[in-house]
Each structure stands twice: as C-alpha cells, then as structure tokens.
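Listed below are the residues making up each chain.
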Amino acid sequence: MERRIYEAAVEGSVDSLISLIQEDALVLDRFLVSCYSETPLHIASMLGHVDFVQEILNRKPELAGELDSRKSSPLHLATAKGYLDIVRKLVRINPEMCFARDRDGKNPLHIAAIKGRVDVLRELVQVRPQAARVLMDQGDTILHACVRYNQLGAMKLLIQTLADYEFLNSKDNDGNTILHLAAADKQIETIKFLTTSTRIEVNALNANGLAALDALPESKGDKEDCEIRELLRRAQAMSAKDSHSTARSRRKTKHSKHQATNQSHHFLTHQDEWLKKKRSTLMVVASLTATMAFQVGVNPPGGLWQDTVKGGDAPHTAGYSIFADNFPDSYRRFLIYNTTGFVASLSIILLLVSGLPFRRRIFMWILMVIMWVAITAIAWTYVISLGVFAPDAELEALISVIGFAFLVWMGLMLTLLLGHTIRLLVRLVKYIRKSVRRWKASSSASASMLTSHSEASTVDNLNNV
C-alpha cells in the first residue's frame, strides 16, 4: 500500500490517491505514526503536483508539519523548487513551518534566498517576517546568504521589506558585514546598491580589524577593483588605518563637547533637585496647614452646645458653636482667618498635584508666598482663640506677649518678602541687560550689512559711469 501511494504521489494522480484511501482509510495516518524517510506530501511538493498536495492537505493537514530524513519539511522542498502555489497552500495550513530548520540549519526563507526564489521569498516574508531574522550556521543572516550566493534580487526584497538598520549591518561570527563579503567577492552591483540605496555602515570593522575597503583583494590595474574602490570612496569608506586616525580626532572633539554638556547637565540637575525639594516641602506644610484649619473649622474653640434652650438669659441651639453665640465679632474674624489659611493650603496642594510644569524659580516663589499667607492666617486664628478664651486676669499679659510675637512675626515676613523681592529684581535687571545687549548686537550687525551693501552699490554705479 505504501509503495502504491508513493507511485501515486510521483505521478500526481489524485484519483489513485482517493482510490487508495477508500481501500485503507488509515493509509495517511500511518505516515504520521511510523518512521518513513519522506511522506507522499514531500514527494508531491517537490514535484509540483498542486492538486495532489491540496487533496492530502484537505484529508490530513498534519502532514504539512512532518520532516523527512534530512529534517526538511514539504515547505522546504516546494520552496527550493519555486512552486509558489504549493508554498501558499502549505503556509496557509501551517505557517509556523517557516521557522523549521533542516539538517544544515536553514529554514524555508533561507532556502528561498539562496535559490533566488524571489516570489516565494516575498510570500514567506509576508506570512512570518521574523523567520527572516533567524541566524544560520556560522552566525550568518539571510542577507549574508544572499551575498554568498550572489542573489541580489532576494537581498533587495529583504532589505526593502524589513527596513531594519541593525539587521542590515549584522555581522557573522567573523565580524563581517554583507559589505565585507560583497567587496571580497567583487560584486559590483551589490556594492553599488548597498552604498547608494541603503544605510550600510561602510567603515564597520570585522574581527580582524579590517574595513570593507580592506577586504578588497589587492590587484593592480584591475578595472573591477578600481570601480569598486571608487564606489566605496564615494560612500566615504576608509581603510581601517584611516578610520583609527579619524576616530581619534573625533574623540578629542567629543571630549570637549562632553565637558560642556556635563557642566550644563550639572546645572540643570542641581536646579531640578532644588525644585523637587521645594515641591516636597511645600506639599508637606500645605497638607499639615489644611488639616489644622479643617479641624479647627469643624471643631471651633469652646466646643458646641449640647442642649437646646429656647428662653432665658442665654438661649441656644444644640450643635451650634458656643464661641459664635458668646463672641460673634471675634468668631467672624476667626472664620475669616481660618478659611483664608484653609483655602490657601488647598490651593497649593491643588497646584502641586495638577501636573503643571513648575520648573522656574519664580513659580515656586509664588507658591511660597501663598504658603506664607496660609501660615499667617493660621497664626491669627490662634491669636483670636487665645484672646477670647483667656481669663481676664491674664488678658493684659497675654496681649503684651501677643503684641511682641506679632511684631517679630511681621518683621520675619517682611524680611523674607524683601529678600526674595530684591533677588527677583536683580534677576530681572540682568535679563533686561542681556536682552539690550543682544538687541544692540543685532542692530549693529544689521547696520554694518546695510553699510556694506550701500558701498557695494556705489562702487557698481561708479563702474557703470
């Protein structure tokens, strides 16, 4: 039975296949569980029998994943022969076979590139583009295989389809790029394409420290060598020796630029750290201030009435503030200062968590001024509370202490405000001076250009006369 089905596969006879399956319904299943060197699907794929392949895939699609004695799949064989229709049918059933590697370490995409089956390669890359990035033995990429077997069409397709800079400049185990191989093999058209239509690194060095220009065989008077050297020179290719000298001069220039960049980076880092510290400090203080103002607002000094009295000398209602009934004027001032501190603290918290880019010192100073207002309001809330609930015997002494504390507090606030204002004015004056200098420099440059243009016009007029 196996011999007869092999004969049907060689002939591509679908009728014979159907007849054999009718005789033995498990004939195809035996190729899945037994050890055969190849399946009928391998034979039909290699010989290009499209209808036979389709019939087998309809009845037993698992055969698309079987490997022969050389670990080749039906997709390997159809690809090698360039049978595009069969390739499409096989990858539609089992697209993961694009990653299957034969005994030589090649997957179907490698086979298509080596054989120059551009149409088949295009189909496979569209189905599984990552299979094109699988390395072969010796660390070769599929692009290396294209150059080794001189398949320029396949290489162009891969470079244009994948469009990957790192993949284009990949190196094999010897450190050679595809430009090294093309130069060593004197592939003029390949070198022309790589140097004019891609971003190939023309001065990449291999494991021996040689550039592509160094890989070109030494031969005097060879026309091909001269043409290749000219192509590489136009692409600014250099020998390894010239590359080293150029790299040293670039390192010197880069070092000086790096020092200037470090200084600027250090300044910006210092400023960012200052801003972060200020933001954190303001957030903590604002949160504490808002908490205190909230607690005092909902639990005013003196507490709340616990009962309701409608008549008598002191009528009151349960839940109302004792402070408000006994000292209405002071309570009104108490509410104003406490609410001011609460709202100011909440404003700072809202601005800090809003995500606005407070990256300039002037904005942080504005937030600090708002915080001073909040702290001062909370301080006045404290003073009013003490002034109302202190005993009459202690009130005079308390007023003296409060007056002294008030003077010290106001002096501190004014000193801070004056210091920051002077600092802000100094920065503003420096900015104005710098702007004036720039304006004068640009004006003088414009005037000199006008003068030169006028003198040139006068000379032209005299020459014409």
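Residues numbered from 1 in each chain as written. Predicted model: local features only at pLDDT ≥ 70, side-chain atom pairs only at ≥ 80, totals over all residues. Heavy atoms only, no water.

- An unreviewed UniProt entry lists the chain under the name Ankyrin repeat family protein, with Melia azedarach given as the organism.

### Considering the overall build of the chain
- A count of helical and extended segments in the chain gives 21 helices and zero strands.
- Within the span of the chain, comprising 465 residues, buried residues form 35% of the whole.
- Looking at the chain alone, contacts between residues at least 24 apart form 69% of all its contacts between residues at least 6 apart.
- Summed over all atoms, the accessible surface of the chain reaches about 27,800 Å², with 57% contributed by carbon and sulfur. (Helix = DSSP H or I, 4+ residues; strand = E, 2+ residues; numbered from the N terminus. Buried < 20%, exposed > 50% of the residue type's maximum accessible area, 1.4 Å probe, protein only. Contact = heavy atoms within 4.5 Å. Areas by Shrake-Rupley, 256 points an atom, 1.4 Å probe, with all protein chains shown as cover.)

### A word on the packing of helix H4 (residues 40–47) against helix H5 (residues 50–59)
- Two numbers describe how H4 lies on H5: the axes approach to 9 Å, and their chain directions differ by 150°. Comparing their axes, H5 and H4 come out roughly antiparallel. By crossing handedness, the relation of H4 to H5 is classed as left-handed. Together, Pro40, Leu41, Ala44 and Ser45 of H4 and Phe52, Val53, Ile56 and Leu57 of H5 make up the contact between the two elements.
- Across the contact of H4 with H5, the residue classes tally to seven nonpolar, one polar and no charged. (Axes fitted to C-alpha atoms, helices over the stretch in contact; angles between N-to-C directions. Parallel < 35°, antiparallel > 145°, perpendicular 65-115°, else oblique. Left-handed = near helix turned anticlockwise from the far one by under 90°. Nonpolar A, V, L, I, M, F, W, Y, C, P; charged D, E, K, R; others polar.)

### Describing the pattern of salt bridges
- Using the criterion set out here, one finds 16 salt bridges in the structure.
- In this structure, Arg4 engages Glu23 in a salt bridge whose closest nitrogen and oxygen atoms are separated by 3.0 Å. Linking Arg4 in helix H1 (residues 2–11) with Glu23 in helix H2 (residues 14–23), this pair joins segments that are 19 residues apart in sequence.
- By relative accessible area, which is 48% here, Glu23 ends up partly exposed.
- In this structure, Lys60 engages Asp29 in a salt bridge whose closest nitrogen and oxygen atoms are separated by 2.9 Å. Of the two residues, Lys60 sits in the loop between H5 and helix H6 (74–81) while Asp29 sits in the loop between H2 and helix H3 (30–33), which places them 31 residues apart along the sequence.
- Since its relative accessible area comes to 15%, Lys60 is described here as buried.
- Where salt bridges share partners, they join Asp140, Arg148 and Asp172 into one cluster. (Salt bridge = Lys/Arg side-chain N within 4 Å of Asp/Glu carboxyl O.)

### A closer look at H6
- By the criterion of burial, H6 is predominantly enclosed, with six of the eight residues buried.
- Of all the residues in H6, the buried ones are Pro74, Leu75, His76, Leu77, Ala78 and Thr79.
- Where the residues of H6 are buried, they touch H4, helix H7 (84–93), helix H8 (108–115) and helix H9 (118–127).
- Positive phi appears at Gly82, one or two residues downstream of H6, with a value of about 80°.

### Thoughts on the environment of Val118
- Within the secondary structure layout, Val118 lies in helix H9.
- According to the relative accessible area criterion, Val118 is partly exposed, its value standing at 25%.
- Here the alpha-carbon distance between Val118 and Leu157, two residues 39 residues apart in the chain, equals 7.6 Å.

### Notes on helix H16 (residues 223–234)
- For H16, which comprises twelve residues, the first-to-last C-alpha distance of 17 Å matches the rise-based estimate of 16 Å (1.5 Å per residue) to within 8%.
- Those residues of H16 not exposed but buried are Asp225, Ile228, Leu231 and Leu232. Buried residues in H16, looked at end-on, bunch into an arc of 125°, giving them a common side. Looking at H16, the residues exposed on the side facing more than 90 degrees away from the buried face are Lys223 and Arg234.
- Turning to H16, the residues buried within the fold contact helix H13 (178–184), helix H14 (188–197) and helix H15 (212–215).
- At the C-terminal side of H16, Gln236 shows a positive phi close to 65°. (Expected span 1.5 Å × (residues − 1). Arc of directions from axis to C-beta.)

### With respect to a nonpolar patch on the surface
- A cluster of nonpolar side chains, Leu425, Leu428, Tyr431, Ile432 and Val436, forms an exposed patch at the surface whose accessible area comes to about 490 Å².
- Along the polypeptide, Leu428 turns up in helix H21 (residues 392–464).
- A relative accessible area of 45% means that Leu428 is categorised as partly exposed. (Patch = residues over 30% accessible without salt bridge, like charges linked within 9 Å, V, L, I, M, F, W, Y side chains within 5 Å.)

### Structural notes on the packing of aromatic side chains
- According to the stated counting rule, one finds seven aromatic pairs in the structure shown.
- Judged by centre distance (6.4 Å) and plane angle (35°), the rings of Phe294 and Phe342 are tilted. Taken together, the residues span a long stretch of sequence, with Phe294 in helix H17 (residues 240–298) and Phe342 in helix H19 (residues 328–353) at a distance of 48 residues.
- The partly exposed category is assigned to Phe342, whose relative accessible area is 24%.
- Measuring from ring centre to ring centre gives 5.4 Å for Phe323 and Tyr331, while their planes differ by 80°; the resulting arrangement is edge-to-face. Accessibility assignment for this pair places Phe323 and Tyr331 in one class, buried.
- Three or more aromatic residues joined by ring pairs make a cluster, and in this case those are Phe323, Phe327, Tyr331 and Phe334. (Phe/Tyr/Trp six-rings, centres within 6.5 Å; stacked < 30°, edge-to-face > 60°.)

### Description of unusual backbone geometry
- Positive phi values are uncommon outside glycine, yet Asn150 reaches one of about 55°.
- With respect to the element layout, Asn150 can be found in the loop between helix H10 (142–148) and helix H11 (152–162).
- Here Gln236, not a glycine, exhibits a phi torsion of approximately 65°, which is positive.
- A relative accessible area of 63% places Gln236 in the exposed class.

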